[in-house]
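# Secondary and tertiary structure notes
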Amino acid sequence: MKIKSFYVKNYKVLDDFKIEFDDENITILLGTNNVGKSTFLEALNKFMQIEGPKEEDFNKNKIGSNENFEFEMIALNNNGEEVTLKSMYNSTGKRPAYYIDNTSQSKKYFEKYIEDCMTNPFYVAPDSKAEDNEKEILKLFQTTAQNIITDDTEKNNEFNAIAKKIDELLDEANNALEPSIKELRKNIRDDLNRIFGEELGSLNIKFETNEFGLDDYAKLISSEIQFNKNGNEFKLSSQGTGVRRASFISLLQNAMKEEKLIFKNNHLLLIDEPEVFLHPMAVKELSNILYDIAGEKLQIIISTHSPIFVDLYKGLNKTIRVLKIDNNVKQLFSTTKNTFDDNEVANIKMLTLTNPYFNEFFFAKRILIIEGDSEYILFNECIKKYLLDEGKGKLPTHIINAKGKWTIATIQRILNEFKANYYIYHDLDLDKATEDNNLIQANERIKGLAFENEYAHVIANKSTLEVTLYGQRCTNSQKTKKAVDLIDKLNSGETCKELEVIFNIIRWLYNEKVTLDKEIEIIKS
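Now for a description of the structure that goes with this document.

### Digging into the overall build of the chain
Across its full length, the chain carries 16 helices and 19 strands. Counting all 525 residues of the chain, 47% fall into the buried class. Of all intrachain contacts in the chain linking residues separated by at least 6 positions in sequence, the fraction that spans at least 24 positions is 71%.

Right, here's the structure in full:
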């Protein structure tokens, strides 16, 4: 089963909420605190577990009303056919209702249908208890053990023979019990007749045993995970939350890598804020693992506040989708919708490898794209100074160092997909562009992409920033040194008239009316 959409009604903060999924392997949910990212994952897990809500789970505005609490999933079953699954609950105590394609079903049938199509999801949350983490690991061992038997014809035959023998032994036990059950039935009937003084009929007692199968075998498997440190062994449950969560995900990765874990049905991995309780290097490594294990049989949904888990370069190979949750759902990026040429892929790779926090722009409300290192130094420090002295209360600006003109255009393509509000400052290099057709094409590409987004703004230097500031062109190392020297003067309290050019551009970015330097041109306001 592959999830196509999931709808939640009246569950905690989610009143009438739906997320649709494409064919992506990884879906990443972003958003501020308390908008429902974690609640959505929790609701999805409850639905798959056929677990109803408690009274405190209902939307506070709907408790006691006749409005139902609803889960609805649209998915592709094992035959590739679309199916709609719905469970409904009511805070007034009515019995739950279950539907498959609008046909009412018993809970048992509904549960079996989901189990046949997709096993219970792996669910990892920050507030998971130690026993919950170990339960997920045990579930992994059980699935692996079942697959080892079913994938080996000889082992499968041996297991079936054992299961048949167990069934025969249980039948023999039932037959041996039958005389005692008959006597018990007779005694109960006589007691009831004596108490009530009339013939009430007989009380029938049935003892039945189900056939022994792989699910029963899996329940016999238990595990105790030991954590070895400095020669001493400790239970995994006694370790920190970060270690417990990372251990499970690492186990999942290695079981798949060694082909010990072969998923028969699609599995779902739900991870709420995987960065919690981990130091920065561990966060990066955990992100790499998640991108490695995502695939056709393992659909991953992540809720996060960390840009590390939004890896656009890895996502080009794994298909990712980035969604922002606010009052509604907004798609920020999808590799199933976007296609990039070889040069753009190289640009994305360069940006993500040189700056692991490049993807912070997904979390920002104001974005400025600049062309290189010296511009980054100057604008970053001057914006801080501006917000401190003049722009108190205004939103900070996230600066993206594109490290090149053509890379600006690649970033624009990503930002244009979700109509981001962004600004660009770059050099037009008009004194060189007449001799360099590549510069002309890059300038036109940036301008053209800006006009595809009504929220894009472009301001540019007719020549270069260093010509405006220092009166001459400089090498990259010279530009960086001069930029650092200017910022040192600024931070020491000295007057820096040269930086007034930068400050006026910043004032323009914050919608102030200013007179810009004659070398500065507004391409798109």
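### Considering the pattern of salt bridges
Overall, the coordinates contain 19 salt bridges when judged by the stated rule. Note that Lys46 is salt-bridged to Glu51, the shortest N-O span being 3.1 Å. Given the relative accessible area of 9%, Lys46 is considered buried. Look at Glu51 and you get partly exposed, because its relative accessible area is 36%. A salt bridge links Arg473 to Asp429; the shortest N-O distance between them is 3.2 Å. Here Arg473 is found in the loop between helix H14 (465-470) and helix H15 (476-491), whereas its partner Asp429 is found in the loop between strand E17 (422-427) and helix H12 (430-433), with 44 residues between them in sequence.

### Remarks on the environment of Arg245
As for its position among the elements, Arg245 is in helix H6 (residues 241-257). By relative accessible area, Arg245 is classed as buried at 4%. For the pair Arg245 and Leu286, spaced 41 residues apart in the sequence, the C-alpha separation amounts to 10.0 Å.

### So, empty space enclosed by the protein
Considering all chains together, one arrives at 2 cavities of 30 Å³ or more under this definition. Looking at the largest cavity, its volume works out to about 40 Å³. Lys284, Ile308, Val310, Asp311, Thr352, Asn355, Pro356 and Asn359 together form the lining of the largest cavity. Residue classes in the lining of the largest cavity are distributed as 3 nonpolar, 3 polar and 2 charged. Here the second largest cavity defines a volume of roughly 40 Å³. Along the walls of the second largest cavity sit Ser374, Leu378, Leu465, Glu466, Leu469, Tyr470 and Lys479, which together make up its complete lining. If you list the elements that add at least two residues to the lining of the second largest cavity, you get helix H10 (373-389) and H14.

### Things to note about the sheet that holds strand E12 (residues 298-303)
Reading across the sheet, the 6 strands line up as E8-E11-E12-E3-E13-E14 and stay open at both edges, with mixed pairing between neighbours. Strands with a single pairing partner mark the edges of an open sheet, and in this sheet they are strand E8 (122-124) and strand E14 (329-334). Ignoring strand direction, the axes of neighbouring strands in this sheet form an average angle of 15°. The sheet contact formed by E8 and strand E11 (residues 267-272) spans 3 bridges and is parallel. Bridge assignment links Phe122 to a residue of E11, and that residue is Leu269.

Basis of the calculations
- Residues numbered from 1 in each chain as written.
- Predicted model: local features only at pLDDT ≥ 70, side-chain atom pairs only at ≥ 80, totals over all residues.
- Heavy atoms only, no water.
- Helix = DSSP H or I, 4+ residues; strand = E, 2+ residues; numbered from the N terminus.
- Buried < 20%, exposed > 50% of the residue type's maximum accessible area, 1.4 Å probe, protein only.
- Contact = heavy atoms within 4.5 Å.
- Salt bridge = Lys/Arg side-chain N within 4 Å of Asp/Glu carboxyl O.
- 1 Å grid on protein atoms, 1.4 Å probe; cavity = no way out; pocket = protein on both sides within 12 Å on 5 of 7 lines; lining within 4 Å.
- Points joined across faces, edges and corners; volume = space filled by probe spheres on them.
- Nonpolar A, V, L, I, M, F, W, Y, C, P; charged D, E, K, R; others polar.
- Pairing = 2+ DSSP bridges.
- Axes fitted to C-alpha atoms, helices over the stretch in contact; angles between N-to-C directions.

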